[in-house]
Amino acid sequence: PDTRSLSWRFENPAVADVALPSGVSATTFKQNLRGVPGTDLGNEINVPLPYGASTTWMDPGVTQTGRPIYSVVAADWFQARLEERLASLVTTNAPNKIPMAKAGQALILQEIEQLYSQGVAAGHFLSRADAVDQGITVTIRAEPITSTDRSLRRLRFTVAIPVLHDARVLAIDVTITE
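First things first, this report covers the structure right here in the doc. Given the structure is predicted, the values throughout are model-derived calculations rather than measurements.

**Here we look at the pairing of strand E2 (residues 47-51)**
Two faces make up the sheet, and in a regular strand the side chains alternate between them.
Moving on, step 1. Pairing between E2 and strand E3 (residues 54-59): four bridges, direction antiparallel. Bridge assignment links Pro48 to a residue of E3, and that residue is Met58.
Moving on, step 2. Remark: two residues form the turn of the hairpin made by E2 and E3, two consecutive strands paired antiparallel; Gly52 in that turn has positive phi of roughly 60 degrees.

See the structure below:
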């Protein structure tokens, strides 16, 4: 995850080929396994079925809640790496303070921004430019330091970054003219 975000849709030759019932297409079989789209009847399972040259293509790469696995991995990766970076910042900065002021906030924001950039380069998150194109906001900001923050000796931040999704359905309108 430090260098690449995978789609979690892949060929899995270790899984035995699925034998389709007689007269049933792979599409119908897959729909029956997954349940009715857009209802609470969905099974949210990954199905090893033929696709292209593969006889065991795992798709769609989701958890039982229907959330793409790569979204879970991206969030967990970001949290783990941020905790590591902040622990390193505190320990390498010691015995100096992490100031309860804009300077301290700037130190933390720098770590968050660097990690966000690494996540964009790895393919976990939308870049700011791509987010703008899609009408999505990337938020990385320090919150105002309140009297409660001062008494608790805490700095607060808001981070909202959009996951870069994997295209599964490719819809192409083709017009052939003479």
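From this point, the discussion proceeds with the structure in view.
**Examining the packing of aromatic side chains**
Moving on, step 1. Under the counting rule described, the total for this entry stands at four aromatic pairs.
Moving on, step 2. Aromatic pair Tyr116 and Phe125: ring centres 6.4 Å apart, planes at 25 degrees, arrangement stacked. The pair Tyr116 / Phe125 is uniform in exposure class, with both members buried.

**A word on the pattern of salt bridges**
Moving on, step 1. Tallied over the full model, the rule gives ten salt bridges.
Moving on, step 2. Residues Arg81 and Glu84 are paired through a salt bridge, measuring 3.1 Å at the closest nitrogen-oxygen approach. Residue Arg81 and its partner Glu84 are located together in helix H2 (residues 69-93), separated by three residues, close to a single helical turn.
Moving on, step 3. Residue classification places Glu84 among the partly exposed positions, given a relative accessible area of 45%.
Moving on, step 4. Ionic pairing is found between Arg156 and Asp149, a salt bridge with its closest N-O pair at 2.9 Å.
Moving on, step 5. Residues joined in a network through salt bridges with shared partners are Arg9, Asp59, Asp166 and Arg168.

**Comments concerning the side chain of Thr139**
Moving on, step 1. By the element assignment, Thr139 lies in strand E4 (residues 139-142).
Moving on, step 2. Look at Thr139 and you get buried, because its relative accessible area is 16%.

**Some words on unusual backbone geometry**
Moving on, step 1. In this model, Asp59 is joined to Pro60 through a cis peptide bond whose omega is 10 degrees.
Moving on, step 2. For Pro60, the location among the structural elements is in the loop between E3 and H2.
Moving on, step 3. The omega angle of the peptide bond from Ala94 to Pro95 is 10 degrees, so this bond is cis rather than trans.
Moving on, step 4. Mapped onto the elements, Pro95 comes out in the loop between H2 and helix H3 (102-122).
Moving on, step 5. The phi torsion at Trp8 lies on the positive side, around 65 degrees, for a residue other than glycine.
Moving on, step 6. Taking relative accessible area as the criterion, Trp8 reaches 36% and is therefore assigned partly exposed.

Here is what the cut-offs are and how they apply
Residues numbered from 1 in each chain as written. Predicted model: local features only at pLDDT ≥ 70, side-chain atom pairs only at ≥ 80, totals over all residues. Heavy atoms only, no water. Pairing = 2+ DSSP bridges. Helix = DSSP H or I, 4+ residues; strand = E, 2+ residues; numbered from the N terminus. Phe/Tyr/Trp six-rings, centres within 6.5 Å; stacked < 30°, edge-to-face > 60°. Buried < 20%, exposed > 50% of the residue type's maximum accessible area, 1.4 Å probe, protein only. Salt bridge = Lys/Arg side-chain N within 4 Å of Asp/Glu carboxyl O.

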